[in-house]
Amino acid sequence: MLTDEYFMRQALGEAQQALAAGEIPIGAVVVLAGEIIGRGRNQTEQLRDVTAHAEMLALTAAANRLGNKYLTHCTLYVTVEPCVMCAGASAWAQVGRLVFGADEPRTGYRRHALGLLHPRTQALGGVCAEECAVLMQAFFAQKRGLG
């Protein structure tokens, strides 16, 4: 059986691709019954679209794959705690489970309001958290000319 760590490493691969493209390095995958059915990485610069977050793109890909807007039995893996927009989208999609890596102390959904996820969504943070955080820290250090 594949583990949360395995799927988070798949999301980290997406984040690495975002980094290589000059994007904020966040990646996401949507999993159903042990199979990845949606992938996404931040593409806000490339697509010139503020909504092109990794989670949004992964949720859209999964919904298209299933032919259904509801992802009730799916797990969304994302390298960084989702923002309010992405948490809301996962709620509307009725994602069954959310697993994230690093906390996002400034813009993460848990800092803004409780109840943003669907009531049945189970959330788990901290999976591969250090690796996810190091990737983000390195990106922002480079942007600031510190790395």
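Each value, and the rule that gives it
- Residues numbered from 1 in each chain as written.
- Predicted model: local features only at pLDDT ≥ 70, side-chain atom pairs only at ≥ 80, totals over all residues.
- Heavy atoms only, no water.
- UniProt positions renumbered as here; feature names shortened; annotations may be inferred.
- Helix = DSSP H or I, 4+ residues; strand = E, 2+ residues; numbered from the N terminus.
- Contact = heavy atoms within 4.5 Å.
- Polar contact = N/O pair within 3.5 Å; in protein donor to acceptor, adjacent residues only side chain to side chain.
- Phe/Tyr/Trp six-rings, centres within 6.5 Å; stacked < 30°, edge-to-face > 60°.
- Buried < 20%, exposed > 50% of the residue type's maximum accessible area, 1.4 Å probe, protein only.
- Salt bridge = Lys/Arg side-chain N within 4 Å of Asp/Glu carboxyl O.
- Expected span 1.5 Å × (residues − 1).
- Arc of directions from axis to C-beta.

The name given to the protein in an unreviewed UniProt entry is tRNA-specific adenosine deaminase, with the source organism recorded as Hymenobacter polaris. According to its UniProt record, the protein has this under Sequence similarities (unreviewed entry): "Belongs to the cytidine and deoxycytidylate deaminase family." What UniProt states about the protein under its Catalytic activity (unreviewed entry) heading is, verbatim, "adenosine(34) in tRNA + H2O + H(+) = inosine(34) in tRNA + NH4(+)".

K.L.:
Before we go on, may I ask you to explain the UniProt feature "binding site: Zn(2+)" (unreviewed entry) in the protein in this structure?
P.N.:
In this numbering, the UniProt entry assigns the feature "binding site: Zn(2+)" (unreviewed entry) to His-53, Cys-83 and Cys-86. Spanning 34 residues, the named residues form one tight spatial group whose C-alpha atoms are at most 9.3 Å apart. Relative to the helices and strands, His-53 is located in the loop between helix H2 (44–47) and helix H3 (54–66). Apart from residues lying up to four places away in sequence, His-53 is in contact with Asn-42, Thr-44, Cys-83, Met-85 and Cys-86. Reaching out from His-53, the side chain makes a polar contact with the backbone oxygen of Val-50 at a distance of 3.2 Å. Mapped onto the fold, Cys-83 is located in the loop between strand E3 (75–80) and helix H4 (84–92).

K.L.:
Could you clarify how one ought to interpret the environment of Glu-14 in this entry?
P.N.:
Tracing the sequence through the fold places Glu-14 in helix H1 (residues 4–20). Taking the C-alpha atoms as reference, Glu-14 lies 16 Å from Ala-138; in sequence the two are 124 residues apart. Contact partners of Glu-14, with chain neighbours within four places excluded, come to Gly-27, Ala-28, Val-29, Arg-39, Gly-40 and Arg-41.

K.L.:
Even after reading the chapter, I still don't get the packing of aromatic side chains, so can you show me in this structure?
P.N.:
A ring pair, where both rings are aromatic, is described by two values, the distance of the centres and the angle of the planes. Counted by the stated rule, this structure contains three aromatic pairs. On the basis of an interplanar angle of 80 degrees and a centroid distance of 5.1 Å, the ring pair of Tyr-6 and Phe-7 is categorised as edge-to-face.

K.L.:
In this structure, what is going on with the side chain of Thr-79? I would like to understand it.
P.N.:
Here Thr-79 shows up in strand E3. According to the relative accessible area criterion, Thr-79 is buried, its value standing at 1%. The contacts of Thr-79, once residues within four sequence positions are left out, are Met-8, Ala-11, Leu-12, Ala-15, Pro-25, Ile-26, Gly-27, Gly-101, Ala-102 and Cys-132.

K.L.:
Please clarify how the pattern of salt bridges should be interpreted in this entry.
P.N.:
When the charged atoms of two side chains lie near each other, side chains of opposite charge can form a pair. Summed over all chains, the structure comprises nine salt bridges. The shortest N-O distance in the salt bridge between Glu-14 and Arg-39 comes to 3.2 Å. Residue Glu-14 is located in helix H1, and its partner Arg-39 is located in strand E2 (residues 35–41); the two are separated by 25 residues in the primary sequence. On the basis of relative accessibility, which here comes to 5%, the residue Glu-14 falls in the buried class. With relative accessibility at 38%, the residue Arg-39 sits in the partly exposed group. Through salt bridges that share partners, Glu-81, Asp-103, Arg-110 and Arg-111 make up one connected network.

K.L.:
Where do I start with H1 in this structure?
P.N.:
Because an α-helix packs 3.6 residues into every turn, residues spaced three or four apart end up facing the same way. Across its 17 residues, H1 extends 24 Å between first and last C-alpha, which sits within 8% of the 24 Å expected from 1.5 Å per residue. Among the residues of H1, Phe-7, Met-8, Ala-11, Leu-12, Glu-14, Ala-15 and Ala-18 are the ones counted as buried. The buried residues of H1 occupy an angular sector of 160 degrees when projected down its axis, which confines them to one face.

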